[in-house]
Every structure is written in C-alpha cells, then in structure tokens.
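# Fold and contact review
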Amino acid sequence: MRIIGPDELVFGVDNLDASTAFLTDYGLTSAGDGRFEALDKTAITLRAKDDADLPPPLPTASLLRLTIWGVEDQATLDAIEAELGTDRPVIKDDSGMLRCKDDAGFEIAFRISHRVKLDLPAELINSPGAAPGRAMNAIGANQDAEAKPRTLSHIVYFVPDMDLMANFYIDRLGFVVTDKFTNTGPFLRPQANNDHHVLFMIQTPAYMQGIEHLAFHMQGPTELMLAGSRMVQKGYESFWGPGRHKFGSNWFWYFSSPLGTHVEYDADMDMHDGAWIEREVPMDKEAAQLFLFENVEKWAPGGPPPAGGTKAGTAPEGP
Amino acid sequence: MTAAMQAVCALADIPDGGSRGIWPNARGQHQAFVVRQGGQVYGYVNNCPHYDRARLGWKKDAFLNGPGDRIMCASHGALFRITDGKCEIGPCIGQSLRPIAVRVREGHVFTEPPH
Ligand code: FES
Ligand SMILES: [Fe+2]
C-alpha cells in the first residue's frame, strides 16, 4: 500500500490564541481555517475543543483528535477501504477521504496526499577532502536565514498495547519495522516513504493514551539550531535537545506546546529500503541520543562560564 | 514566616487569574511557579509528577490551560487543580504537584525555596 506519511494532524484545544501563536512562531504558515502548513502543505489544524465537527476525544488528556495519513493514489485508498472495511466501519466523506479508528482506538483518516513536491537545496557544507559544498564567498552562518519546517515528519503515540497497535499498521497497512526499542515499541515507515520512521509508539497505561510528540523536518542541523534558538529567545520551553538521535540519526530539538504535546524539529534522518535489517536495543538515555547539547546562554570559548557553572543537566528519556 | 522564605515578586507582577515562574536557576529555568486567584497565591515546584525533571509550562510564565481554571503540563496535557495541585486527568492522574509555602505581605509574595 502506497502510504506516504502523516498529512495533517487535527487538534481540539481550549487555547486557540496561544496555540496559534505557538505554531506561527514554530514556523508554520497560517493557511486560514485553522490550518498551519509546512512548506509542502502538510499541516497541523487547530479547532476549538468543543467543535461538533471533530471526531470524539479520547477519554484522556490528549488533545489530538484526528491523524490524517497521506497516500499516493486512489488505488491505495481503495485497497485501504477494502482491507479495513472487513472489520470496522470506514466512512468515506464527500472529498473521498476515508475515516475510521485504528486498533488502539485513535481516530485516523486516509486521503490522497495534499503534499506538493519540494525542490529545495539541502544544507550545504564544506568538508576537507570533498569538493566545496558552497560556492566561494557563500556564507554558511546566516543569522537572518528563514527557518521553516519543510514537511510533517513523524508522530509518536502513547498506547496501552503496543503490539496490537504496531501489528495493525504492519499487517493491515503494510508499514515496515526499521528499528526497535525492547519493551517500548517499533519505529515504523510506510511503503511509499524511505524515512527511518513516520510512526513510533511507547507502551503506557491506558489512562495515558494520546500523542507524545510530532515532528517536522527542517533543511538541516543548522536550520534546526536556528529555529530552536529563536523559540528559546521568544521564551518557549525547550524540553529536550538540541541533540542527535541514534536510531534514525536525526537531529532533534523538542519544545513543550500549548497543544499538550511536544513539538519537535528534526533534520537529516536516515533513509531505508527493503535491504535494511532492523536493530533492537533496550531503551535508555544512551540509546536514545548520540549526544545532547543543552541550550545555555552563549559564552565565548575561553571566556567566563555563566554564573553557577556549566553543569549539564540530564535529559528526560524518550525517542 | 520561616527564615527560608524569600520575596519572589510583587503581587501585582502576577496577573489576577494568571501564573508566573519563580526561582530561576543559573540557566534561567524556573524551579517553581505561582498562580494567583484574587488575593490568594498558590505555589508549586515546577516538576511534573509524570516525568522526572519535566517542567510544566510551554512558555515563560504560562502554566495554565486556556480558561485559566487548571494548571496544565504542556508536555502531555495533564491538568491539575490550582488549589491543591492534584492531577485530575492526564498521565499522572491522582498524583499531585509538590506545593511550596507562600505568604503575601504588603503587596509582596514570599515563598520557601523549591525542594
Ligand atoms: S510530563 Fe507532564 S504530562 Fe507528561
Ligand atoms: Fe521524534
């Protein structure tokens, strides 16, 4: 099945103004009607919590109301409708979008992806021994560069039964396991996407079920650092990062948000195809991060450290 | 008032019905926060019971949900009663924020250090 990845996530919030300000400062572009788009038109949509048009909420604190998956073509939609129609109601709306619940009870939908194809440069670097990545006199550190999320990268759920959840996406929708944290859950990618993961899950008690975080891909590590630093300057709460994950290799920087979920910037994720053999390790801090910088007030090397020293804090665990 | 109590801000620095981060550490992260309801001020350690060392807010001084009737952990949306810090819904349901002693005197707010 040619599923590409998350196309749009719909939230029902009680603080539309704060959530709007957050998503705008994060770098998404308001497209009207509560939609906040990345460069390729993948999006987060905000609605009032009591909006009658929203699918029902989970009985938990999670504010995520709908995960819309983007697929390549009508044939895939038809295949999904036939497959899931065998054991649950699948509703088709006027636009042709399919809606149902997954086996964990999350409200999900499928549509032909609204993504537009991006044609943008990667981060360009100079590396001794390699041909210069940037033209002569082209500057790498540009304080004023735009830093806009390019595309919705992945979503992570807290689920009460990770095997049930994972098997639904693997057996019914053709997702592939790329790597696994023992006792936590697999990293999954769908068939029309080579990204290391578009979906990850963490086993929790049922009263925690919901979204743990969502992430958008940035151009590269420099843009991620630029965007994250701007969030910190605006007073937003950095939760974890910046750093680089081991599984997936992606750079990360997580922020807390008024949507009641972490919102991550990521960059430079590994890509895999059918030749890849999954790895499995127990989950702990060392497995989750290759390295971690904490965002501290800048100071010159050799200059005075900030008052109170530079003792690095420890980061919470998580993917 | 115990000797350990320290002035953290003026009462007027906390909007009525709002919140404010206090006790910044060396890296500017607030170790506690206060919530004001009229003349009443409640103080809690800025640590979510769900996750070791997780701070609650999503922005400087933003510790409440939209209507301002609950303390919210922005990490996973846990909601806590303002008056006693008990989590009513969320990953730490039934657990409580750790309170810190607060006194309001002559327009100033004093609290014990977060512990
Ligand atoms: S860390 Fe507070 S709800 Fe999860
Ligand atoms: Fe992530």
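Structural data are supplied above this passage.
In this report, the structure presented in the accompanying data block is examined. Here the structure is a predicted model, which means the values were calculated and not measured. (Residues numbered from 1 in each chain as written. Chains lettered and ligands numbered in written order. Predicted model: local features only at pLDDT ≥ 70, side-chain atom pairs only at ≥ 80, totals over all residues. Heavy atoms only, no water.)

## Some details on the pattern of salt bridges
Residues and elements named next belong to chain A. Scanning all chains against the criterion turns up 25 salt bridges over all chains. Here Glu 37 makes a salt bridge to Lys 41, at a shortest N to O gap of 3.4 Å. Among the residues examined, Glu 37 registers a relative accessible area of 12% and is labelled buried. Given a relative accessible area of 35%, Lys 41 falls into the partly exposed group. Note that Lys 101 and Glu 107 form a salt bridge whose closest N and O atoms lie 3.9 Å from each other. Taking the relative accessible area as the measure of exposure, Lys 101 reaches 43% and is therefore partly exposed. What makes Glu 107 buried here is its relative accessible area of 11%. Connected via shared salt-bridge partners are Asp 7, Glu 8, Arg 35, Glu 37, Lys 41, Arg 111 and Arg 115. (Salt bridge = Lys/Arg side-chain N within 4 Å of Asp/Glu carboxyl O. Buried < 20%, exposed > 50% of the residue type's maximum accessible area, 1.4 Å probe, protein only.)

## Things to note about the packing of aromatic side chains
Residue and element names in this part refer to chain A. One pass over the full model with this rule turns up 23 aromatic pairs over all chains. Considering the side-chain rings of Phe 22 and Tyr 236, the 5.4 Å spacing of their centres and the 90° angle between planes classify their relative orientation as edge-to-face. Taken as a pair, Phe 22 in helix H1 (residues 16–26) and Tyr 236 in the loop between helix H4 (221–233) and strand S14 (238–245) lie far apart in primary sequence, 214 residues in all. Across this residue pair, the class does not change: Phe 22 and Tyr 236 are buried. (Phe/Tyr/Trp six-rings, centres within 6.5 Å; stacked < 30°, edge-to-face > 60°. Helix = DSSP H or I, 4+ residues; strand = E, 2+ residues; numbered from the N terminus.)

## Here we look at the coordination of the iron ion (ligand 2)
Residue and element names in this part refer to chain A. In this structure, His 154 (NE2), His 213 (NE2) and Glu 264 (OE) serve as the protein donors to the iron ion (ligand 2), at separations of 2.0 to 2.2 Å. Here the donor residues of the iron ion (ligand 2) share one chain and are spaced in sequence as H-x58-H-x50-E. In this pair, His 213 is assigned in strand S13 (residues 210–217) and Glu 264 in strand S16 (residues 262–267), connecting sequence segments 51 residues apart. Glu 264 shares its class with His 213; the two are buried. (Donors = N, O, S within 2.8 Å, 3.2 Å for Na, K, Ca; no water.)

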